[in-house]
Amino acid sequence: MIEINKEALTERFMRYVMVDTQSDPESNSFPTTEKQKDLSRILFEELKQMGLQDVETNEFGYVYATIPANSDKKNIPVICFCSHVDTAPDCSGTNVKPLLHKNYTGADIVLPDDATQVLRKADSAYLENHIGADIITASGNTLLGADDKSGVAVIMQAAQYFMSNPSVKHGKIRIVFTPDEEVGKGTAKIDMKKLGAEFGYTLDGGEAGSMEDETFSADGASIIIHGVIAHPGYAKDKLVNAIKIAGAVLEALPKNEWSPETTEKRQGFVHPVSINGIAEKATVSFIVRDFTTSGLAAHHERLKKIAGSVVANYKGATMEYVQQEQYRNMKEVLDQHPQVAAYAAEAIERSGLKVKNESIRGGTDGSRLSYMGLPCPNIFTGMQNIHSKLEWIGVNDMLKAAETIVHLGMIWEEKANI
Ligand SMILES: [Zn+2]
């Protein structure tokens, strides 16, 4: 029976969310905001105090640490737990005041600093699972920052557990906290060699028991249309306007399918994200998404064909189609190492939960890490209504996430044979 200290975890989480660590998509510095390092420094100090080894933080705001192995077995792979210190730019993270609602009754919670912010069971069905238990919200003016300080707190509390329970056997475990995940740069300056782990887990997911081992595969596509230019006063039967062709291409896209607004679950889509141009030349940029690489290729083919048949109606106009790879479904990597997700599922079950396998209609740091050589599914922490003033989290879910980490450490040790 693994008993995670509930009071300590609650206190730890509430303390971390009060540190403003919002990242900034407009910034070109790294980390994108200096204040993210405020939390990194706190984590650095606490990890040292707990007695972890190789504790370090750097100018980019990453924190690395080692829980040393305490097993005699020699071939236990080094595993790593990862979460991000920054909070989303979508909603203020300044002066977060976490509120602990003990024994949540199921009644509406009016957030005190803005009475229009009301957390209702009717809108957030998952609250039902936390009646009679403790939940934490912000106070109305800010997000809570459970995304991803719950992951940070859970990893820290699990580290504390490993350090104070030497009878729990495990191999070498690495910890890494990253900045700037919310602006897509969390892995930009990560030192994979220094990290030195074979397999990893991000703690950055929702409902208790959920595990995400699949993300979108993503490409960009640009359709560049060349018109025929002439002086507009003398352009009769000569001028072909690229901007108008771009409009016609967009008009030719299907109306009831194949777009973000008409797809869900495992369906892919193409999505125009920008249009730039002058009469002579216009560029329409798309994002293309699917769960398989072959699906992506089919979307490109279809888009190219639709655009090509439109452009063919304009004499003298030409088109280029350019595609760029953005990221790939982590499942393609994880399937080569099936034990990584299987052990996570087993750890979740040992914590008394049912495993919910989920696919992310987006990318994660885990998908990038997987392709950087660290197969890395994502595990729940309990975070809900993320990136909003109504963000909340149940303390019991964080406890279960910490328990899952401890079980994972033990499972990797058990499965090693020498
Ligand atoms: Zn996150």
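Cut-offs used in this document
- Residues numbered from 1 in each chain as written.
- Predicted model: local features only at pLDDT ≥ 70, side-chain atom pairs only at ≥ 80, totals over all residues.
- Heavy atoms only, no water.
- Helix = DSSP H or I, 4+ residues; strand = E, 2+ residues; numbered from the N terminus.
- Buried < 20%, exposed > 50% of the residue type's maximum accessible area, 1.4 Å probe, protein only.
- Contact = heavy atoms within 4.5 Å.
- Areas by Shrake-Rupley, 256 points an atom, 1.4 Å probe, with all protein chains shown as cover.
- Lys, Arg positive; Asp, Glu negative; His and termini not counted.
- Charge placed at Lys NZ, Arg CZ, Asp CG, Glu CD.
- Pairing = 2+ DSSP bridges.
- Axes fitted to C-alpha atoms, helices over the stretch in contact; angles between N-to-C directions.
- Phe/Tyr/Trp six-rings, centres within 6.5 Å; stacked < 30°, edge-to-face > 60°.

Colleague: Explain the overall build of the protein chain to me, and be specific about the residues and the numbers.
Modeller: Counting its regular elements, the protein chain contains ten helices and 17 strands. Oriented by its inertia axes, the alpha-carbon framework of the protein chain measures out at about 85 × 55 × 40 Å. In the protein chain, buried positions account for 56% of the 418 residues. Partitioning the intrachain contacts of the protein chain with sequence separation of at least 6 by distance along the chain shows that 81% fall at a separation of at least 24. For the protein chain, the accessible area works out to roughly 18,000 Å², and carbon and sulfur atoms hold 50% of it. Computed over 43 positive and 56 negative side-chain charges, the separation of the two mean positions in the protein chain equals 4 Å.

Colleague: Kindly report on the sheet that holds strand S17 (residues 392–394), identifying the contributing residues and their values.
Modeller: Taken together, the three strands give an open sheet; going across it, the order is S4-S7-S17, and neighbouring strands pair in antiparallel fashion. Of all the strands in the sheet, the pair left with one neighbour each is strand S4 (99–101) and S17. Strand-to-strand twist of the sheet, defined as the mean angle between neighbouring strand axes without regard to direction, takes the value 20 degrees. Relative to strand S7 (residues 135–137), S4 is paired through three bridges, and the arrangement is antiparallel. What sits directly across from Leu100, in S7, is Ile136. Sheet strands touched by helix H10 (residues 395–415): S4, S7 and S17. Its angle to S17, the strand with the most contacts, is close to 60 degrees.

Colleague: Explain the pairing of strand S2 (residues 63–67) to me, using residue names and the numbers behind them.
Modeller: Of all five residues making up S2, five are buried, and the element is well covered by its neighbours. Here S2 shows two buried faces, one formed by Val63, Ala65 and Ile67 and the other by Tyr64 and Thr66. Of the pairings in the sheet, the one linking strand S1 (residues 53–57) to S2 comprises three bridges and is antiparallel in character. If you follow Glu56 over to S2, its bridge partner there is Tyr64. Where S1 folds back onto S2 in an antiparallel hairpin, the turn is made up of five residues, including Gly61, whose phi is positive at roughly 95 degrees. Relative to strand S8 (residues 173–178), S2 is paired through five bridges, and the arrangement is antiparallel. Residue pairing for S8: Thr66 is matched across the bridge by Arg174.

Colleague: Before we move on, can you summarise the packing of aromatic side chains with the specific residues and values?
Modeller: What describes a pair of aromatic rings is the distance from one ring centre to the other and the angle between the planes of the rings. Tallying each qualifying case throughout the model produces nine aromatic pairs. The interplanar angle of 80 degrees and the centroid separation of 5.8 Å between the aromatic rings of Phe30 and Phe60 together place this pair among those described as edge-to-face. Taken together, the residues Phe30 in the loop between helix H1 (6–17) and helix H2 (36–50) and Phe60 in the loop between S1 and S2 connect sequence positions 30 residues apart. Relative to Tyr64, the ring of Tyr62 has its centre 6.3 Å away and its plane inclined at 20 degrees; by these criteria the two rings are stacked. You'll find Tyr62 and Tyr64 in the same group, each marked buried.

Colleague: Got a sec to walk through the pairing of strand S10 (residues 210–215)? Specific residues and values, please.
Modeller: Here S10 lies mainly inside the structure; six of its six residues are buried. Here five bridges tie S10 to strand S15 (residues 356–360), and the two strands are oriented parallel to one another. Within S15, the position partnered with Met211 by the bridge is Asn357. Bridge count for S10 against strand S16 (residues 378–380) is two bridges, and the pairing is antiparallel. The residue of S16 that forms the bridge with Glu212 is Asn378.

Colleague: Please give an account of the sheet that holds strand S11 (residues 217–226) that cites residues and values.
Modeller: As a general point, the strands of a sheet are linked pairwise by backbone hydrogen bonds and lie either parallel or antiparallel. Strand order in the open sheet formed by four strands is S12-S13-S11-S14, and the pairing between neighbours is antiparallel. Strands at the two margins of the open sheet, each flanked by one partner only, are strand S12 (269–277) and strand S14 (318–327). On average, each strand axis in the sheet is inclined to that of its neighbour by 20 degrees, with strand direction left out of account. Two elements, S12 and strand S13 (residues 281–290), share eight bridges in a ladder whose sense is antiparallel. Bridge pairing in S13 links Phe269 to Arg289. Contacts from helix H5 (residues 242–251) reach S11, S12 and S13 within the one sheet, and its direction differs from that of S13 by about 25 degrees.

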